[in-house]
Amino acid sequence: MKLEDMIHDAEHPLSAIKEMLSEGNLPDLLLHGPPGTGKTTTAHAIASHVGADIHEFNASDERGIDFIRNRVKEVATQRGYSDHTIILLDEADGLTKQAQDALRRIIETGHALFILTANDYANITGALKSRCLAFNFRPYNAEEVLTLLQTRFPNLTTEHSAIVAAAWNGDLREISRAMERATSVDNLIAIAGSTAQTYANPSLSIVGGDWESLRKELLILTGVSTISMLNRLHDRVRQLDMEPARFHHYSRIWGDAVLAAHQWPLGYEGFVDWFVGSLASLWDKEE
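Every chain's residues receive numbers from 1 upward, in the order its sequence appears when written. Note on the predicted model: pLDDT of at least 70 is required for a residue's local features to be given, and 80 or more for side-chain atom pairs to be given and counted; whole-chain, interface and lining totals, by contrast, use all residues. Only heavy atoms go into the side-chain values, all of them from the structure, while hydrogens and water stay out.

On to the nonpolar core, then. We call a set of buried Ala, Val, Leu, Ile, Met, Phe, Trp, Tyr and Cys residues a nonpolar core when their side-chain atoms join them within 4.5 Å. The buried label goes to any residue with under 20% of its type's maximum accessible area, the exposed label to any with over 50%, and the partly exposed label to all in between, with areas taken from a 1.4 Å probe on protein chains only. Counting 28 residues, the largest nonpolar core has Leu218, Met229, Leu230 and Leu279 as the members making the most contacts within it. The set of elements that each furnish at least two residues to this core consists of helix H9 (185–208), helix H10 (211–219), helix H11 (226–238), helix H12 (244–261) and helix H13 (268–286). In DSSP terms, a helix is any run of H or I states spanning at least four residues, a strand is any run of E spanning at least two, and both are numbered starting from the N terminus. The element best represented in this core is H13, accounting for nine residues. Note on contacts: a residue pair is in contact if any heavy atoms of the two residues lie within 4.5 Å. Setting aside residues no more than four positions away along its own chain, leucine 218 makes contact with Pro202, Met229, Leu233, Tyr268, Val272, Phe275 and Val276. Counting 24 residues, the second largest nonpolar core, distinct from the first, contains Leu89, Ile107, Ala112 and Leu128.

Right, here's the structure in full:
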């Protein structure tokens, strides 16, 4: 996708990135924000715009210092066929602190331009943050979602787009998938309603301490990343009237789960078991 084809308003980071490109000034970048907000797509669009070779790595697959010193450093210190080489390091917040420190030194000495993406900005070390220009990619709003949806359903209204944006928490990747599946506007709204209910049920189970139901409801959500599941679930829980002390306790476990998701060695089912068990254990101690 080209930069000019990407959906955004005047306040979106893409506006500032386009301006930098027009001025011929592009530093190393750190694009952070929830899944489905255009971070990786932006990196590829930048590479296409400047005619760069792009080498993509996913830090959630290989998190350690050896990965940075060997594979990433090798690419960063070589000259490519084009005038520019971009190294895209997806989910850089999954790297260990030692790996991030090594990465900072490579960014400072290598030939390549680095674009890092992160779901959780807080997990990026201060030293690495200082080496990159950071942009916060927020969830897409209803107006931006409307622009996308009207490419397939021209008669879709702002009310419809608000329902769709809320159902997927502004995750344009998931919204695009739903749009392609939908056969009509009414069908799309029905899918949105079903999705919204999918996260409403487990959030109510958390508030009520119904751990057996919570586990079953989360296991239904196969096919989504753990980070996406946690983000959308948290948005739902925050809308409910949970007793403040319990909400703070829940938020602590939720934060631990976000950190664990980046380095979880087992499958989705095992992660759900750990998350639900952690919540249940905390509630039991509280009682």
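Past the structure itself, the notes keep going.
Turning our attention to the pattern of salt bridges. Each salt bridge in this description consists of a side-chain nitrogen of Lys or Arg and a carboxyl oxygen of Asp or Glu lying within 4 Å of one another. All told, the structure shown has nine salt bridges when counted by the stated rule. Linking glutamate 212 and lysine 216 is a salt bridge whose minimum nitrogen-to-oxygen distance equals 3.5 Å. Residue glutamate 212 and its partner lysine 216 are both found in helix H10; the two are separated by four residues, about one turn of the helix. In terms of burial, glutamate 212 and lysine 216 fall into one category: exposed. Residues aspartate 235 and arginine 238 are paired through a salt bridge, measuring 4.0 Å at the closest nitrogen-oxygen approach. On the criterion of helical spacing, the pair formed by aspartate 235 and arginine 238 is a turn pair, its members being three residues apart in helix H11.

This part covers the sheet that holds strand E2 (residues 53–58). Strand pairing follows a simple DSSP-based rule, namely that at least 2 bridges must link the two strands. Read from one edge of the open sheet, five strands run E2-E3-E4-E1-E5, paired in parallel fashion. Where the open sheet ends on each side, the last strands, each with one partner, are E2 and strand E5 (133–136). Going from strand to strand, the sheet's axes swing by 20° on average, the running direction of each strand aside. Note on geometry: axes are C-alpha line fits, over the in-contact stretch for helices, and angles between N-to-C directions span 0 to 180 degrees. Along the sheet face, helix H2 (residues 39–50) touches strand E1 (29–32), E2, strand E3 (85–90) and strand E4 (113–118) and points at about 175° away from the line of E3.

Right, let's talk about the side chain of lysine 39 for a bit. Assignment of secondary structure puts lysine 39 in helix H2. Counted as positive: Lys and Arg. Counted as negative: Asp and Glu, with His and the chain ends omitted from the count. Buried charged residue lysine 39 carries no salt bridge. Nearest counter-charge: aspartate 90, at 6.9 Å. Distance and chemistry together define a polar contact, namely a pair of N or O atoms within 3.5 Å, with one atom able to donate a hydrogen and the other to accept it when in protein, and with adjacent residues in sequence counting only for side-chain atoms on both sides. Polar contacts involving the side chain of lysine 39 include one to the main-chain carbonyl oxygen of proline 34, which spans 2.9 Å. Once you skip the residues sitting within four places of it in the chain, lysine 39 turns out to touch Leu31, His32, Gly33, Pro34, Thr117, Ala118, Asn119 and Phe137.

As a further point, take the packing of helix H3 (residues 65–76) against helix H4 (residues 97–109). Taken N-terminus to C-terminus, the directions of H3 and H4 make an angle of 20°; their axes are 9 Å apart at the nearest point. Judged by the inter-axis angle, H3 sits roughly parallel to H4. Crossing of H3 over H4 shows right-handed handedness. The residues of H4 that touch H3, namely those facing Ile65, Ile68, Val72, Lys73 and Ala76, are Gln98, Ala99, Ala102, Leu103 and Ile106. The cut-offs work like this: below 35 degrees is roughly parallel, past 145 is roughly antiparallel, 65 to 115 is roughly perpendicular, and the gaps in between are oblique. Whether a crossing is left-handed or right-handed is set by the direction in which the near helix is turned from the far one by less than a right angle, anticlockwise for left-handed and clockwise for right-handed.

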